[in-house]
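Read off the chains here:
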Amino acid sequence: MAGVPFFPQDYRQCGPASLAALLSWSGVETTPQDLEPWLYIPEKGGSLQPEMLAAARRSGRVPYVIPATPEAMLAELEAGHPVLILQNNGISWYPAWHYAVVIGSDSDTITLRSGDYETLRTDAAVFMRTWQRADYWAMVALPEDRLPVTASAATVVRALEAYGRVQGEIGTRAGLEKAFVRWPNDPEVALALGNLHYGAGEAEQAISVWQSGLAGGESAALRNNLAWVLAEEGRVAEAQAILEPALAAPAGFGAQVQATAAFLECLEQGGSLSTCQ
């Protein structure tokens, strides 16, 4: 990937240098010096993974920790996504932790932006050993409307939720819409996207998305939210039928379901939306 920028690292600054390369590739104007106050922990002599993820979110990119396998890394490279990895270039009892960005591979060689090397070609077997010592930890950082090819639906939802806590829920919409296209019947994706639609005053879109999620799997949370909004739209009998299985479901979402059941019963008896809530 010739388009991945290179920032030579200062002493023990591989974290800021590697993340700056990843973010700059994605369109964020930044430098290691910009990121260092968020990342460098003097008592640790470097940067920890949670800080790397948090700094990506603060920079307006969604970080995804990809599956801990060489196959996942290669799949992201094939998709055009540079991969930030953690290596242990020391030994088990005396580690030498190091971040680098993988920008290419073939059967024998892995190509990195690493340290002072803009293009470091290293033996694939040697690279895999040093990466394995760091438990194959790797991440990509992508714009809101782009998903990693190796992520599961649950991983995407969790990553977007964490991103939304920093950038606001509206920042998660493009990612959730892409996730819904990929997994239209996944309950977690449907719940998150439907909640976003409902919060934006888009009741019909929320209903449609939640119905799609229920087609893919049982979810008391989905049934609860769907029943509530159907009732608000005047479809009380339909809402009661939707909620019924959730009333018999194991505890976990019980208080919310019982509150919704009471809301529906009040409406059925002639109450208004304002008096029944």
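## Some points on the state of the cysteines
Covalent bonding between the sulfur atoms of two cysteines defines a disulfide.
Piece 1. Scanning the model with the defined rule gives one disulfide in all.
Piece 2. Disulfide pairing is shown between Cys-266 and Cys-276; the S-S distance is 2.0 Å. Since a negative S-S torsion denotes a left-handed disulfide, the Cys-266-Cys-276 link at about -75° is left-handed. Taken as a pair, Cys-266 in helix 12 (residues 254–268) and Cys-276 in helix 13 (residues 273–276) lie far apart in primary sequence, 10 residues in all.
Piece 3. In this structure Cys-266 comes out as partly exposed when scored by relative accessible area, which is 25%.
Piece 4. The class for Cys-276 is buried, based on a relative accessible area of 12%.

## Things to note about the side chain of Ser-24
Piece 1. Within the secondary structure, Ser-24 is located in helix 1 (residues 14–25).
Piece 2. Assessed through its relative accessible area of 18%, Ser-24 is described here as buried.
Piece 3. Filtering out sequence-adjacent residues up to four positions away, Ser-24 remains in contact with Pro-5, Phe-7 and Thr-30.

## With respect to the sheet that holds strand 5 (residues 117–123)
Piece 1. Strand order in the open sheet formed by six strands is 1-6-2-3-4-5, and the pairing between neighbours is antiparallel. Strand pairing shows two members of the sheet lacking a second neighbour, strand 1 (62–65) and strand 5, which therefore form its edges. Direction aside, neighbouring strands of the sheet carry axes that sit 35° apart on average.
Piece 2. Across two bridges, strand 2 (residues 83–88) lies against strand 6 (residues 138–142) in antiparallel orientation. Bridge assignment links Leu-84 to a residue of strand 6, and that residue is Met-139.
Piece 3. Helix 1 contacts strand 2, strand 3 (97–105) and strand 6 of the sheet and is inclined by roughly 30° relative to strand 3.

## Brief notes about the layout of surface pockets
Piece 1. Volume-wise, the second largest pocket comes out at about 310 Å³.
Piece 2. What lines the second largest pocket is a set of 14 residues, among which Glu-161, Glu-169, Thr-172, Leu-176 and Ala-192 lie closest to the centre.
Piece 3. Elements represented by at least two residues in the lining of the second largest pocket include exactly helix 6 (153–167) and helix 8 (187–199).
Piece 4. Top element by residues in the lining of the second largest pocket is helix 6. It accounts for six residues.
Piece 5. Among the residues forming the lining of the second largest pocket, the class breakdown is six nonpolar, three polar and five charged.

## A few points about the packing of aromatic side chains
Piece 1. The tally for this structure, following the rule as stated, stands at five aromatic pairs.
Piece 2. A ring pair is formed by Tyr-99 and Trp-137, whose centres lie 6.3 Å apart and whose planes are at 75°; its orientation type is edge-to-face. A residue pair is termed long-range when its members are at least 10 positions apart, and Tyr-99 in strand 3 and Trp-137 in the loop between helix 5 (124–132) and strand 6 qualify at 38 residues. Side by side, Tyr-99 and Trp-137 carry an identical accessibility label, which is buried.

Scoring rules and cut-offs
Residues numbered from 1 in each chain as written. Predicted model: local features only at pLDDT ≥ 70, side-chain atom pairs only at ≥ 80, totals over all residues. Heavy atoms only, no water. Disulfide = S-S within 2.5 Å. Helix = DSSP H or I, 4+ residues; strand = E, 2+ residues; numbered from the N terminus. Buried < 20%, exposed > 50% of the residue type's maximum accessible area, 1.4 Å probe, protein only. Contact = heavy atoms within 4.5 Å. Pairing = 2+ DSSP bridges. Axes fitted to C-alpha atoms, helices over the stretch in contact; angles between N-to-C directions. 1 Å grid on protein atoms, 1.4 Å probe; cavity = no way out; pocket = protein on both sides within 12 Å on 5 of 7 lines; lining within 4 Å. Points joined across faces, edges and corners; volume = space filled by probe spheres on them. Nonpolar A, V, L, I, M, F, W, Y, C, P; charged D, E, K, R; others polar. Phe/Tyr/Trp six-rings, centres within 6.5 Å; stacked < 30°, edge-to-face > 60°.

By themselves, these are just geometric observations and shouldn't be taken as functional.
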